[in-house]
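Descriptive analysis of the structure
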Amino acid sequence: MDITLLVNLTSKAWSLKILALLHSGVAGRQAPLLAATKASRTAFASSLNHLVQLGLLERNPGHGHPLRPEFRLTPTGVVAAATASRIVETVPDDDGFAIIRRSWAVPILAVTESPKRFSIIKSGLGTITDRALSKSLCVLEEREWLKREIDVSRRSPFPTYHAVNAGMKINQAIGLSI
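The paragraphs below set out a description of the structure included in this document. (Residues numbered from 1 in each chain as written. Predicted model: local features only at pLDDT ≥ 70, side-chain atom pairs only at ≥ 80, totals over all residues. Heavy atoms only, no water.)

The contact between helix α5 (residues 75-90) and helix α10 (residues 166-174) brings their axes to 8 Å, and the two run at 165°. Relative to α10, α5 is oriented roughly antiparallel. Here the hand of the crossing between α5 and α10 comes out right-handed. Contact with α5, carried on its side by Thr83, Arg86, Ile87 and Thr90, involves Lys169, Ile170, Ala173 and Ile174 of α10 and no other residues of that element. (Axes fitted to C-alpha atoms, helices over the stretch in contact; angles between N-to-C directions. Helix = DSSP H or I, 4+ residues; strand = E, 2+ residues; numbered from the N terminus. Parallel < 35°, antiparallel > 145°, perpendicular 65-115°, else oblique. Left-handed = near helix turned anticlockwise from the far one by under 90°. Contact = heavy atoms within 4.5 Å.)

Laid out in structure tokens, this is it:
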């Protein structure tokens, strides 16, 4: 999976969970998926439509009622679902899952396998704003999924960030291809 797809995929809160559930064998109909995610109908529908637009899901032709369609993974979706499943499995609890549902948490962990400066992380994620990056770094640091260290080896000290603990497990589960 590349970083652009990962950023697009995680821009909707329930996308990772939906893909992980489909990977684990939950039926591709809305009712079972909605019950398994425990999401609101609006957020779930938005995430499901987003996955269809990304080309990771498609309606299963010839199956399901027109008002209750069945969805299946596309070939690209199968790969993304396996990655999503690995990510969701590494999250230790509901509080942790609430963090990976945030738009930028998983992409930040994906690019911080080694210590990186704020500007390098920002350039690696493309469309992220300074504020969104700063807030996400703070949340991940509080959770101890990201470690902030001050590099004093140069004339002007600067902070670097890298994934640790569960954050490193999520990084490894993503298997980012650069």
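Time to look at unusual backbone geometry. With a phi close to 65°, glutamate 144 is a non-glycine residue in the positive phi region. Relative to the helices and strands, glutamate 144 resides in the loop between α9 (130-142) and β4 (146-151).

Taking 1.5 Å per residue as the helical rise, α9 with its 13 residues ought to reach 18 Å, and the 18 Å between its terminal C-alpha atoms agrees with that figure. What α9 keeps buried is the set Leu133, Ser136, Leu137 and Leu140. What you see down the axis of α9 is that its buried residues fit within an arc of 105°, all on one side. The exposed residues of α9 that point more than 90 degrees off its buried face are Arg131 and Glu142. Summarising the contacts, the buried residues of α9 are in contact with α6 (94-100), α7 (105-111), α8 (118-125), β4 and β5 (158-163). Following α9 by one or two positions, glutamate 144 has its phi on the positive side, about 65°. (Expected span 1.5 Å × (residues − 1). Buried < 20%, exposed > 50% of the residue type's maximum accessible area, 1.4 Å probe, protein only. Arc of directions from axis to C-beta.)

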